[in-house]
Amino acid sequence: MFTLAEVASLNDIQPTYRILKPWWDVFMDYLAVVMLMVAIFAGTMQLTKDQVVCLPVLQSAVNSGIQPSTSGNANDIPGSEATTDQDKGMKMRTVSFENAPTITPDTPLSRSTYSQLQSTESNQELKNEKKDSLGRKTNLDYQQYVFINQMCYHLALPWYSKYFPYLALIHTIILMVSSNFWFKYPKTCSKIEHFVSILGKCFESPWTTKALSETACEDSEENKQRLTGTQSLPKHVSTSSDEGSPSASTPMITKSGFKFSAEKPVIEVPSMTILDKKDGEQAKALFEKVRKFRAHVEDSDLIYKLYVVQTVIKTVKFIFILCYTANFVNEIRFKHTCTPEVEHLIGYKKFECTHNMAYMLKKLLISYISLICVYGFVCLYTLFWLFRIPLKEYSFEKVREESSFSDIPDVKNDFAFLLHMVDQYDQLYSKRFGVFLSEVSENKLREISLNHEWTFEKLRQHVSRNAQDKQELHLFMLSGVPDAVFDLTDLDVLKLELIPEAKIPAKISQMTNLQELHLCHCPAKVEQTAFSFLRDNLRCLHVKFTDVAEIPAWVYLLKNLRELYLIGNLNSENNKMIGLESLRELRHLKILHVKSNLTKVPSNITDVAPHLTKLVIHNDGTKLVVLNSLKKMMNVAELELQNCELERIPHAIFSLTNLQDLDLKSNSIRTIEEVISFQHLKRLTCLKLWHNKIVNIPPSISHVKNLESLYLSNNKLESLPVAVFSLQKLRCLDVNYNSIAVIPVEIGLLQNLQHLYITGNKVDILPKQLFKCVKLRTLSLGQNCITSIPDKIGQLLQLTHLELKGNCLDRLPATLGQCRLLRKSGLVVEDHLFDTLPSEVKEVLNQDITFANGI
């Protein structure tokens with residue numbers, strides 16, 4: 001046997017799942033328990049007390065149908081053929097009060113009995129009359145009664161009377177399993193378990209209480225302002241993410257001026273936002289869990305379909321039980337007539353039987369049918385609820401109206417269905433859960449945690465000085481910009497990298513020294529007051545992005561901006577999206593640096609042509625085809641076209657009459673025959689053609705008479721033409737990493753040469769004319785085939801840097817000591833060669849640099 005608790009366990013679910021049990025499910029569970037008790041009670045009663053009691057139906061003596069049977073029975077007795085009329089009369093009287101033939105064990109005993117009856121006829125009649133008043137004799141023994149009772153139990157009783165408790169038990173178990181199957185099905189139970197776990201944590205999270213408390217405080221404060229007409233007070237606790245709104249910017253400016261007496265609510269609200277670090281980390285983890293769970297559950301509606309299916313199954317089950325059970329109510333009776341085919345064993349054909357449990361079973365069956373009817377009506381109501389409204393959509397409209405989190409999104413599919421089920425339990429769960437679907441709420445949490453972690457003292461420790469000796473702060477991969485950053489009033493450079501939710505408040509106006517801002521994958525939003533400050537004070541802005549949409553729109557409105565650096569994807573298809581037409585507002589822009597993958601120079605750049613002095617395009621290997629827009633940039637003094645896959649010098653460059661510095665680094669230029677056209681660029685002083693594929697230098701380069709710097713490193717030059725040395729103003733010549741074998745003696749003509757770079761070539765002999773360039777400060781001769789250094793190197797009195805490493809030298813000339821400005825730190829040579837110098841020369845080279853400058 002099983003206990004009620006064991007069967008009822010089928011209806012048990014985890015206690016945490018009860019929030020997904022609406023009232024109808026709970027009611028049906030209780031009904032199922034009652035039906036289970038009815039079934040078990042009926043089964044127990046049937047097993048212990050159920051029985052049938054049967055008695056044979058005695059046939060009348062005057063019934064002609066009985067006579068043959070009686071005579072036959074008498075005649076069956078051996079030796080009874082010669083019975084007297086007196087015996088027959090006795091037998092007839094016996095039938096009249098016994099209504100059944102008497103079965104004798106054997107013939108001798110029967111004869112003895114009959115002889116006794118004949119001798120005592122008068123006494124027997126008196127006894128028979130007395131017996132007739134007490135009952136009728138059947139002459140059946142106990143075993144025969146047990147046998148016929150069992151036979152009639154199975155033959156006379158309707159099957160439903162015998163199996164009703166078991167059917168009721170089976171039906172109830174099926175209903176129980178159907179009610180909770182969606183909690184046990186593997187593909188849904190994991191989602192439900194995860195949802196209930198997250199929902200419970202969201203409900204109990206301190207952040208939920210604090211966020212809703214702040215909302216309540218905001219509403220009460222707004223109502224107070226509306227009633228009192230106090231228009232001067234700002235909105236103290238702003239959760240809005242809109243840029244430029246007065247409610248978002250005003251508190252940042254006037255907060256310090258508030259008094260405790262006048263603005264008591266303002267002081268109380270921030271105190272609510274103080275969150276323990278542990279609670280803050282747990283809340284941030286909950287936001288991430290909710291986001292991932294939503295993405296996982298919203299993709300399917302399996303939970304909804306399974307719940308509908310199990311409800312339909314219960315409804316069909318109710319109809320089925322009701323249909324076949326109602327027909328058997330009237331068949332459960334107390335009296336039954338049984339006609340088993342056991343006359344050859346008992347001697348009777350018909351029996352009257354009574355079923356002792358009939359009354360109880362009928363009452364239990366009626367009770368069970370009543371419970372089933374109530375259960376069925378609840379199932380029908382459940383189906384009505386399932387199809388009355390779209391349960392695969394859930395709106396947080398009421399929560400958005402009651403709170404400041406207006407960005408809580410609506411959800412769908414299984415996520416929506418689960419929230420509808422929770423609402424039937426307690427709508428407060430959904431309201432608290434909605435807090436963790438709001439980006440505004442998440443951003444507010446991040447802001448609080450961020451300010452708690454990044455204090456003013458910690459930020460001060462991260463401030464450093466850059467190469468320009470400016471105070472710089474670099475913030476990387478934070479959830480936002482800490483408020484304490486804007487208290488660093490002496491900061492010059494602020495770098496924000498990978499901060500997707502960066503917001504620049506009005507407090508930035510305190511940073512009076514700030515002139516340079518870096519936004520690396522950081523689409524920062526600014527308040528109106530902050531924008532006004534940046535527009536008037538910011539001088540240099542670096543924006544690094546992946547998509548043009550990351551470039552903040554306010555960048556194009558910074559009228560006092562001097563330098564703009566754009567690094568990201570700006571191909572020709574997206575030029576219209578970047579909004580370069582707005583560059584016309586940058587009326588003071590001097591330097592524009594674009595590192596992208598352009599196929600043409602955007603025509604909109606000409607908006608800043610009148611005042612632009614430097615244009616830099618780093619193209620990352622994409623071929624720059626259209627350059628006609630350059631012709632309009634007449635005031636450009638510096639132009640860099642790097643890694644643009646140029647094969648020749650663009651003709652548009654020759655129209656830039658104010659050009660002073662041209663850099664065509666890392667292209668595919670093979671010939672520079674167009675260099676003669678540079679003679680029209682009277683101000684061109686620096687030409688950089690390094691990292692190309694140039695094979696030779698045309699003699700026409702001598703026409704570019706104003707050249708002061710010529711960079712030809714990392715090309716394929718094999719010789720230097722004499723025309724190069726006719727450039728009398730040349731101060732820097734860089735031919736590093738080519739294939740030059742000979743330095744022409746005409747190099748001595750470059751009297752103004754100060755920097756000569758020939759590292760990584762095939763030079764083996766240094767001409768003595770080289771040392772006539774007495775203004776040389778830098779001489780790089782490393783990685784060549786030089787075997788000796790002439791003693792005339794001592795004539796280079798201004799030499800500060802000499803590179804000789806990687807040659808075939810066996811000694812260094814002692815005249816190096818005459819180079820008064822040369823020190824060991826500026827001498828790049830192998831240690832064993834340095835040791836070949838005389839000791840007094842070593843002492844000179846090892847002298848302190850300050851002493852050397854004094855000389």
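Residues numbered from 1 in each chain as written. Predicted model: local features only at pLDDT ≥ 70, side-chain atom pairs only at ≥ 80, totals over all residues. Heavy atoms only, no water.

A look at the overall build of the protein
And step 1. Broken down by element type, the protein carries 26 helices and 24 strands.
And step 2. Residue burial in the protein is summarised as follows: out of 855 residues, 48% are buried.
And step 3. Taking contacts inside the protein between residues at least 6 apart in sequence as the whole, the part at least 24 apart equals 57%.
And step 4. Element-wise, carbon and sulfur atoms account for 54% of the exposed surface of the protein, whose accessible area totals about 42000 Å². (Helix = DSSP H or I, 4+ residues; strand = E, 2+ residues; numbered from the N terminus. Buried < 20%, exposed > 50% of the residue type's maximum accessible area, 1.4 Å probe, protein only. Contact = heavy atoms within 4.5 Å. Areas by Shrake-Rupley, 256 points an atom, 1.4 Å probe, with all protein chains shown as cover.)

Re the state of the cysteines
And step 1. Under the definition given, this model contains two disulfides.
And step 2. Here the cysteine-cysteine linkages of the protein are recorded as 1-4, 2-3, numbering only bonded cysteines and doing so in sequence order. (Disulfide = S-S within 2.5 Å.)

A look at the packing of aromatic side chains
And step 1. Under the counting rule described, the total for this entry stands at 31 aromatic pairs.
And step 2. Where Trp-159 meets Phe-328, the ring centres are 5.0 Å apart and the plane angle is 80°; that geometry is what we call edge-to-face. Of the two residues, Trp-159 is situated in helix H8 (residues 159-184) and Phe-328 in the loop between helix H14 (302-325) and strand E2 (335-338); the sequence distance between them amounts to 169 residues.
And step 3. Since its relative accessible area comes to 40%, Trp-159 is described here as partly exposed.
And step 4. Stacked on the ring of Trp-690, the Lys or Arg Lys-665 has its end atom at 4.9 Å from the ring centre. (Phe/Tyr/Trp six-rings, centres within 6.5 Å; stacked < 30°, edge-to-face > 60°. Lys NZ or Arg CZ within 6 Å of the ring centre and 35° of its normal.)

A word on the pattern of salt bridges
And step 1. For the structure on display, the rule yields 19 salt bridges.
And step 2. The salt bridge partner of Arg-294 is Glu-298, with a shortest N-O separation of 3.0 Å.
And step 3. Given the relative accessible area of 24%, Arg-294 is considered partly exposed.
And step 4. Among the salt bridges present, the one from Lys-842 reaches Asp-835, with a minimum N-O distance of 4.0 Å.
And step 5. With relative accessibility at 21%, the residue Lys-842 sits in the partly exposed group.
And step 6. A single network of salt bridges, built from pairs that share partners, joins Glu-288, Arg-291 and Lys-292. (Salt bridge = Lys/Arg side-chain N within 4 Å of Asp/Glu carboxyl O.)

Some thoughts on the nonpolar core
Note on soluble globular proteins: their nonpolar side chains tend to be buried together.
And step 1. Membership of the largest hydrophobic core comes to 132 residues, with the highest contact counts inside it found for Leu-541, Trp-554, Leu-564, Leu-639, Leu-641 and Phe-678.
And step 2. With four residues, the top contributor of residues to this core is helix H22 (residues 528-537).
And step 3. Setting aside chain neighbours within four positions, we find Trp-554 in contact with Leu-517, Leu-519, Ala-524, Val-526, Phe-531 and Leu-534.
And step 4. Leu-199, Phe-415, Leu-418 and Val-422 belong to the second-largest nonpolar core, a separate cluster that totals 84 residues. (Core = buried A, V, L, I, M, F, W, Y, C linked by side-chain atoms within 4.5 Å.)

What to know about the packing of H14 against helix H16 (residues 358-388)
A pair of packed helices is captured by two measures, namely the crossing angle of their axes and the spacing between those axes.
And step 1. The geometry of H14 relative to H16 is characterised by a closest axis approach of 9 Å and an angle of 150° between their N-to-C directions. Taken as a pair, H14 and H16 cross one another with a handedness that is left-handed.
And step 2. Per-class residue counts for the contact of H14 with H16 are 18 nonpolar, five polar and one charged. (Axes fitted to C-alpha atoms, helices over the stretch in contact; angles between N-to-C directions. Left-handed = near helix turned anticlockwise from the far one by under 90°. Nonpolar A, V, L, I, M, F, W, Y, C, P; charged D, E, K, R; others polar.)

Examining the UniProt feature "transmembrane region" (unreviewed entry) in the protein
And step 1. Mapped onto the present numbering, the UniProt feature "transmembrane region" (unreviewed entry) falls at residues 27-47, 163-183 and 365-387.
And step 2. Note that residues 27-47 is 100% helix and 0% strand, and that its end C-alpha atoms are spaced 30 Å apart.
And step 3. Taken end to end, residues 365-387 has its terminal C-alpha atoms 33 Å apart, with 100% of it in helix and 0% in strand. (UniProt positions renumbered as here; feature names shortened; annotations may be inferred.)

Quick word on unusual backbone geometry
And step 1. Phi at Glu-645 is positive, roughly 55°, even though this residue is not glycine.
And step 2. Inspection of the secondary structure assignment puts Glu-645 in the loop between strand E16 (638-642) and strand E17 (661-663).
And step 3. The class for Glu-645 is partly exposed, based on a relative accessible area of 30%.

Structural notes on the pairing of strand E10 (residues 516-520)
And step 1. When you tally the buried positions in E10, you get five out of five residues, the bulk of the element.
And step 2. Neither face of E10 is open: one carries Glu-516, His-518 and Cys-520, the other Leu-517 and Leu-519, and all of them are buried.
And step 3. Across five bridges, the pairing between E10 and strand E12 (residues 540-544) is parallel. Across the sheet, residue Glu-516 finds its bridge partner in E12, namely Cys-540. (Pairing = 2+ DSSP bridges.)

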